[in-house]
Amino acid sequence: MRDLNLKATEYFEAVARLNSVTKAAEELGISPSAVSQQLSLLEAQLGVKLFRREKGRLVLTLDGDRLFQTTTQAFSAIRNARSAISFQRDRRNFVIRVSPSFGVRWLGPRVGAFAAENEDWNIRIDATPDFTAFETESVDIDLRYGMGTWSGVAVTPLMHDLVLPLCSPDYLERLRQIDPDPSRQLAGARLIDSVKTLYRWDLWLAANRIDIPRVNYPLRFDRSSMSIEMAKQGGGVALDSVTLCLGELQRGELVPFSTAYQVIDFPAYWLVCPSRHLTRRIVQRFQAWMTNACKQHDDAARTHLTQLGCRFRIGSATDLIEVKPWGL
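Asker: Looking at this model, I keep getting lost on helix H1 (residues 6-18). Mind explaining?
Answerer: Spacing of three or four residues puts side chains on the same side of an α-helix, whose turn is 3.6 residues. Between its terminal C-alpha atoms H1 stretches 18 Å, which fits the 18 Å expected from 13 residues at 1.5 Å a residue. Residues of H1 that are buried: Ala8, Thr9, Tyr11, Phe12, Glu13, Ala14, Val15 and Ala16. Between the side-chain oxygen of the N-cap and the backbone nitrogen of Lys7 there are 3.3 Å, and the N-cap of H1 in question is Asn5. Looking one or two residues beyond H1, the residue adopting positive phi is Asn19, at roughly 60°.

Rendered as structure tokens:
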């Protein structure tokens, strides 16, 4: 590549593509004689003729065509990359970090509406369980799951979590054939453990005074989305978030294990960022949009659970186990 005259190659590609030295010169912003000179230099360097004249027009030779097929693809790719870089440079970027399950199940289906209202912004969503180091990473906000007790950042509450045992209708029918008593049904059920949720089976069983000797979790997942999917497939009973599976409940793919037990209701979803980020217009827009979207979702979830006969119990911080908040 060090021996190749790239300028002459660029001029050759323009002439071959436009079939004219004059048109190539206009595109390149130079004189036709300068283009002809570079073509002569390139032919001398390669030791072959690249063009021949037929009836007053330029025609590629076999060697010229071989070189053109390669160079036109290469220069086209370069032009496309340059255009994309310029486009990205001229647009503004908004970077959101979000926990994987919340990102896939809740934010993903909705964020298109926000993007449509803010078409002059590039929106990047980074779904990861890792915290943002705001001082060293180019991230505007985190959408975190947790207790909301992080220091050194501004923490804005977004939505409560609504947690209860869930399973498929078929699996629930199988459990009811074991025993009419829900507490004894659980003793024979496959309990699906979401290992990074704030409210887990041991807390729930103790709070509801249900004693299951030798509690076993044959299925354990580190993502709520996987626990919910397994429950939907009839794999067992998951103690998980209605926030993440309201659609399945509304469609009847999941049902409450028993309405005899209250829905655990506690604040769990937060918008987190350095205080200085809150002055950014795009952050303010997104915060307002999230607040409205979360309220609509929360209202719909509570309405649907109430229609199913569920009751709610406010969970306090002392009820919960603190875990790494990005777990969901």
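Asker: I would appreciate a short explanation of the pairing of strand E1 (residues 51-54) in the present structure.
Answerer: Within a regular strand, side chains alternate between the sheet's two faces. As paired elements, E1 and strand E2 (residues 57-60) share 4 bridges and run antiparallel to each other. When the bridges of E2 are listed, Glu54 appears paired with Arg57.

Asker: Just checking my understanding: could you explain the pattern of salt bridges for this structure?
Answerer: Where charged atoms from two side chains of opposite charge approach closely, those side chains can pair. All chains considered together, the criterion is met by 24 salt bridges. With its nearest N and O atoms 2.3 Å apart, the salt bridge here joins Asp120 to Arg92. Highlighted residues: Asp120 in the loop between helix H5 (100-117) and strand E4 (121-127) and Arg92 in strand E3 (residues 92-98), separated in sequence by 28 residues. The class for Arg92 is partly exposed, based on a relative accessible area of 41%. With a shortest N-O distance of 2.5 Å, Asp140 and Arg280 are connected by a salt bridge.

Asker: How should I be thinking about the packing of aromatic side chains in this particular structure?
Answerer: In this description, an aromatic ring pair is defined by two values, namely the gap between the centres and the angle between the planes. Using the criterion set out here, one finds 12 aromatic pairs in the structure. When the ring of Trp150 is compared with that of Trp270, the centres are 6.5 Å apart and the planes differ by 85°; the resulting orientation is edge-to-face. In this pair, Trp150 is assigned in the loop between strand E5 (141-145) and strand E6 (154-167) and Trp270 in strand E11 (residues 263-273), connecting sequence segments 120 residues apart. The class of Trp150 is buried, set by a relative accessible area of 15%.

Asker: Help me understand the side chain of Arg144, please; the structure alone is not making it clear to me.
Answerer: You can see Arg144 is positioned in strand E5. Using a relative accessible area of 6% as the deciding quantity, one classes Arg144 as buried. One polar contact links Arg144 to Asp142, side chain to side chain, over a distance of 2.9 Å.

Asker: Can you help me understand the nonpolar core in this one?
Answerer: Generally speaking, nonpolar side chains in soluble globular proteins are found buried as a group. In this structure, Leu107, Leu143, Trp204 and Phe286 are the most contacted members of the largest nonpolar core, which totals 71 residues. At 9 residues, helix H11 (residues 281-307) tops the list of elements feeding residues into this core. When near neighbours in sequence (up to four residues on either side) are disregarded, Leu107 contacts Ile96, Val98, Phe102, Ile125, Leu143, Phe286, Trp289 and Met290. Counting residues in each nonpolar core, the second largest holds 15 residues, with Phe12, Val15, Leu39 and Leu50 among its members.

Cut-off values and rules
- Residues numbered from 1 in each chain as written.
- Predicted model: local features only at pLDDT ≥ 70, side-chain atom pairs only at ≥ 80, totals over all residues.
- Heavy atoms only, no water.
- Helix = DSSP H or I, 4+ residues; strand = E, 2+ residues; numbered from the N terminus.
- Expected span 1.5 Å × (residues − 1).
- Buried < 20%, exposed > 50% of the residue type's maximum accessible area, 1.4 Å probe, protein only.
- Polar contact = N/O pair within 3.5 Å; in protein donor to acceptor, adjacent residues only side chain to side chain.
- Pairing = 2+ DSSP bridges.
- Salt bridge = Lys/Arg side-chain N within 4 Å of Asp/Glu carboxyl O.
- Phe/Tyr/Trp six-rings, centres within 6.5 Å; stacked < 30°, edge-to-face > 60°.
- Core = buried A, V, L, I, M, F, W, Y, C linked by side-chain atoms within 4.5 Å.
- Contact = heavy atoms within 4.5 Å.

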